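Chain by chain, the residues:
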Amino acid sequence: MIELLQNFLVGSMMLLGAFFALTAAIGVLRLPELYTRMHAASKAGVVGSGLLLLALALFQHDLSTVTRAIAAIIFLLLTAPISAHLLARAAYGAGYRLWDGSVLDEMAKERNRRGGKQV
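Peer 1: Honestly, the nonpolar core in this entry has me stumped. Any pointers?
Peer 2: Buried together is how nonpolar side chains tend to be arranged in soluble globular proteins. Ranked by size, the top nonpolar core spans 5 residues in total: Leu53, Ala57, Val66, Ala69 and Ile73. Those elements giving two or more residues to this core turn out to be helix 2 (34-59) and helix 3 (63-94). At 3 residues, the largest contribution of residues to this core is made by helix 3. Non-local contacts of Ile73, meaning those with residues more than four positions away in its chain, are made with Gly50, Leu53 and Leu54.

Okay, structure coming up:
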């Protein structure tokens, strides 16, 4: 009975993780600009990968595999938001402007506050 519940939980997590990974891939293909694509890839991609790794950790009975999966989840959660932020900031500084449908440009406010210097 416990094994059946474990298999159901692992299967559900794998399906949900695959859904988030698919959503990230569709977002990268369909969204209008660099910044929204980067947001889709970093947020939904990390959630999808994290759920798949968590399903692996629940399915395996080997301590080294579980430890590696949990370490990978922690690594993803720590590095993906920081790298996405730095890449977006560098793209903005290189001249990639926001989509015309964007309603708020906080980087322009920051640039004006600093006296027009590059950020």
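Having seen it, we continue.
Peer 1: I'm lost on the environment of Pro81 in this one. Help?
Peer 2: By the secondary structure assignment, Pro81 is in helix 3. Owing to a relative accessible area of 39%, Pro81 belongs among the partly exposed residues under this scheme. For the pair Pro81 and Ala21, spaced 60 residues apart in sequence, the C-alpha to C-alpha distance is 16 Å.

Peer 1: Looking at this model, I keep getting lost on helix 1 (residues 2-30). Mind explaining?
Peer 2: Because an α-helix completes one turn every 3.6 residues, residues spaced three or four positions apart along the sequence face the same direction. Under the 1.5 Å per step criterion, the end-to-end length of helix 1 is 42 Å for 29 residues, consistent within 8% with the ideal 42 Å. What helix 1 keeps buried is the set Val10, Met13, Gly17, Ala24 and Gly27.

Peer 1: I keep staring at the packing of aromatic side chains and nothing clicks. Help me out?
Peer 2: Two measures describe an aromatic ring pair: the distance that separates the ring centres and the angle between the ring planes. Within the structure shown, the criterion is met by 1 aromatic pair. Ring centres of Phe19 and Phe20 lie 5.9 Å apart, and the angle between their planes is 70 degrees; this geometry places the pair in the edge-to-face category. For Phe20, a relative accessible area of 27% corresponds to the partly exposed category. Over the aromatic face of Tyr92 sits the side chain of Arg97, whose NZ or CZ is 4.8 Å from the ring centroid.

Peer 1: Would you mind showing me how to read helix 3 here?
Peer 2: End to end, helix 3 covers 46 Å across 32 residues, agreeing with the expected 46 Å (1.5 Å per residue, within 8%). Considering bend angle alone, the principal kink of helix 3 is centred on Thr79 and spans about 25 degrees; proline Pro81 follows within four residues of it. Among the residues of helix 3, Val66, Ala69, Ile73, Ala80, Ala84, Ala91 and Tyr92 are the ones counted as buried. The inward-facing, buried residues of helix 3 contact helix 2 and helix 4 (106-113). Two residues or fewer after helix 3 comes Gly95, characterised by a positive phi angle close to 110 degrees.

Peer 1: Please explain the confidence of the model for the protein as it appears in this structure.
Peer 2: Per-residue confidence for the protein gives a mean pLDDT of 90, with 96% of residues at or over 70. Model confidence for the protein, summarised as mean pLDDT per element, is weakest for helix 4 at 74 and strongest for helix 1 at 95.

Peer 1: Quick question: what am I supposed to make of a nonpolar patch on the surface here?
Peer 2: Taken together, the side chains of Leu9, Leu54 and Leu58 present a nonpolar region at the surface, about 230 Å² in accessible area. Summarising the element assignment, Leu58 is placed in helix 2.

Peer 1: Just to check I follow, could you spell out the side chain of Glu33 for this structure?
Peer 2: Its location among the elements puts Glu33 in the loop between helix 1 and helix 2. Buried charged residue Glu33 carries no salt bridge. Nearest counter-charge: Arg37, at 8.8 Å. Of note is the side chain of Glu33, whose polar atom sits 2.8 Å from the backbone nitrogen of Trp99. Not counting the four nearest positions on each side in its chain, Glu33 is found in contact with Arg97, Leu98, Trp99 and Ser102.

Parameters at a glance
- Numbering of residues starts from 1 in each chain and follows the order in which that chain's sequence is written.
- A pLDDT threshold of at least 70 governs which residues receive local features in this predicted model, and a stricter bar of 80 or more applies before side-chain atom pairs are shown or counted, although totals over entire chains, interfaces and linings include all residues.
- As a rule here, side-chain values cover all heavy atoms of the structure and leave hydrogens and water aside.
- To form a nonpolar core, buried Ala, Val, Leu, Ile, Met, Phe, Trp, Tyr and Cys residues must be joined to one another through side-chain atoms within 4.5 Å.
- Only protein chains enter the area calculation, which uses a 1.4 Å probe; residues under 20% of their type maximum are buried, those over 50% are exposed, and those in between are partly exposed.
- Only DSSP runs of H or I covering at least 4 residues are called helices, and only runs of E covering at least 2 are called strands; the numbering of each starts at the N terminus.
- Residue contacts are defined here by distance: any two heavy atoms, one from each residue, within 4.5 Å place the two residues in contact.
- Take the number of residues in a helix, subtract one, and multiply by 1.5 Å to get its expected span.
- Within 6.5 Å between ring centres, the rings of Phe, Tyr and Trp (the latter by its six-membered ring) count as paired, and their orientation is classed by plane angle as stacked under 30 degrees, edge-to-face over 60, tilted in between.
- Comment: the charge-over-ring label is applied if NZ (Lys) or CZ (Arg) is within 6 Å of the ring centre and within 35 degrees of the ring normal.
- We define the bend at each residue as the angle formed by axes fitted to the 7 residues ending at it and the 7 residues starting at it.
- Every residue is assigned a pLDDT by the predictor, reflecting its confidence on a scale from 0 to 100.
- Each patch is assembled from residues with relative accessible area greater than 30% and no salt bridge, linking like charges that lie within 9 Å and nonpolar side chains (Val, Leu, Ile, Met, Phe, Trp, Tyr) that lie within 5 Å.
- Exposure was quantified through the Shrake-Rupley algorithm and a 1.4 Å probe, taking into account, for residues, occlusion by the shown protein chains and nothing else.
- The working definition used for a salt bridge is a side-chain nitrogen of Lys or Arg within 4 Å of a carboxyl oxygen of Asp or Glu.
- Positive charges come from Lys and Arg alone, negative charges from Asp and Glu alone, with His and the N- and C-terminal ends not counted.
- We define a polar contact as two N or O atoms separated by no more than 3.5 Å, with the added condition that, inside protein, one atom must be a possible hydrogen donor and the other a possible acceptor, whereas residues neighbouring each other in sequence contribute only through side-chain atom pairs.

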